[in-house]
Amino acid sequence: MDTRWKKDFSSWIGKRFHSYGLTSLESTHLSNAYVQLHIGNEYYEISNTSSFLDYYGQEENTAIFSLEEDSYESFEDIMVDETIQAIYVIQEEQNYFENKELKYRNFLTRALIIETDIAQYGFEKDDVSFSEWIHIKKGKDVLSTFPKKNLWFEEEAFFGMDDISTTCLQEVHSFKPKEKTFMIQGKSILEVQNFIKGHPHCLEEDFLYIFGKHKICVECTCGKRLEIQE
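These notes cover the structure that comes with them. (Residues numbered from 1 in each chain as written. Predicted model: local features only at pLDDT ≥ 70, side-chain atom pairs only at ≥ 80, totals over all residues. Heavy atoms only, no water.)

## A closer look at the pattern of salt bridges
Side chains carrying opposite charge are able to pair once their charged atoms draw close together. Selection rule: For this document, the term salt bridge refers to a Lys or Arg side-chain nitrogen within 4 Å of an Asp or Glu carboxyl oxygen. The helix and strand labels rest on DSSP assignments: H or I over at least four residues marks a helix, E over at least two residues marks a strand, and numbering proceeds from the N terminus. Using a 1.4 Å probe on the protein chains alone, a residue whose accessible area is under 20% of its type maximum counts as buried, one over 50% counts as exposed, and one in between counts as partly exposed.
Taken as a whole and judged by the stated rule, the model has 9 salt bridges. Between Arg16 and Asp81 there is a salt bridge, with its nearest N and O atoms 3.1 Å apart. In this pair, Arg16 is assigned in strand β1 (residues 16-22) and Asp81 in strand β6 (residues 76-98), connecting sequence segments 65 residues apart. Overall, the relative accessible area of 31% leaves Arg16 in the partly exposed class. Between Glu92 and Arg110 there is a salt bridge, with its nearest N and O atoms 2.8 Å apart. Highlighted residues: Glu92 in strand β6 and Arg110 in strand β7 (residues 101-116), separated in sequence by 18 residues.

See the structure below:
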């Protein structure tokens, strides 16, 4: 079974991440089955809903993590209002062995991480195969928590079955701004060069370039920011 997201998230870079909506604000770290994202002028729905599927040779209730473009729905919104600078998608490969022989292999998307100019926001499918929970994380470096061990699949799901063994591999797919060289032209080049010269102790790779439709922003890790209106 392969339920990995195939979407190219490049179009999200530079857009405004307005908000994300949860099914309830009882907990801002969990949402049951659905999360809605307001990106630019569009809405997207992350779902983690269950149905009976073939789960390693047996038909079981299994939650599928998916992302679809959506229309606005009345969710409990948490405001963000920040600019997207990168997208990270965590893809997972699950392998199931009987007497050391590979019998099944499943592929799925484990998490979506949206990086803005302020923070990283993670939306992660629960490890338990039938759980519909989606975990929400916010911090400066949510990405650093991946790759990680899937405790449910690797230790708990088949506990006590001595002839069964499992492995789980995770891979991070990144979507970042396009190359900067051809997008800075004319007078803007001089402004950027002067900005960089003003930070002699910072390496060139420390500078982050953000391209909007009519604006270029250059940020340095020391916290300074240059904005150029085109």
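Anyway, onward from the coordinates.
## Digging into the packing of aromatic side chains
Where we set the bar: Only the six-membered ring of Trp is used, alongside the rings of Phe and Tyr, when aromatic pairs are assigned; centres must lie within 6.5 Å, and planes under 30 degrees apart are stacked while those over 60 apart are edge-to-face, with the rest tilted. Only when the NZ atom of a Lys or the CZ atom of an Arg is both within 6 Å of the ring centre and within 35 degrees of the ring normal do we say a charge sits over the ring.
Throughout the structure, instances matching the rule amount to 9 aromatic pairs. Between Phe9 and Trp12 the ring centres are 4.9 Å apart and the planes differ by 85°, which places this aromatic pair in the edge-to-face class. For Trp12, a relative accessible area of 0% corresponds to the buried category. Aromatic side chains Trp12 and Tyr44 sit 4.8 Å apart centroid to centroid with 55° between the ring planes, which places their arrangement in the tilted category. In this pair, Trp12 sits in the segment before β1 while Tyr44 sits in strand β4 (residues 42-55), placing the two residues 32 residues apart along the sequence. Assessed through its relative accessible area of 5%, Tyr44 is described here as buried. Aromatic ring contacts, followed pair by pair, group Phe9, Trp12, Tyr44 and Phe175 into a single cluster. One cation-aromatic arrangement involves Lys7 over Phe9; the distance from NZ or CZ to the ring centre is 5.8 Å.

All we've got here are geometric facts, nothing functional implied.
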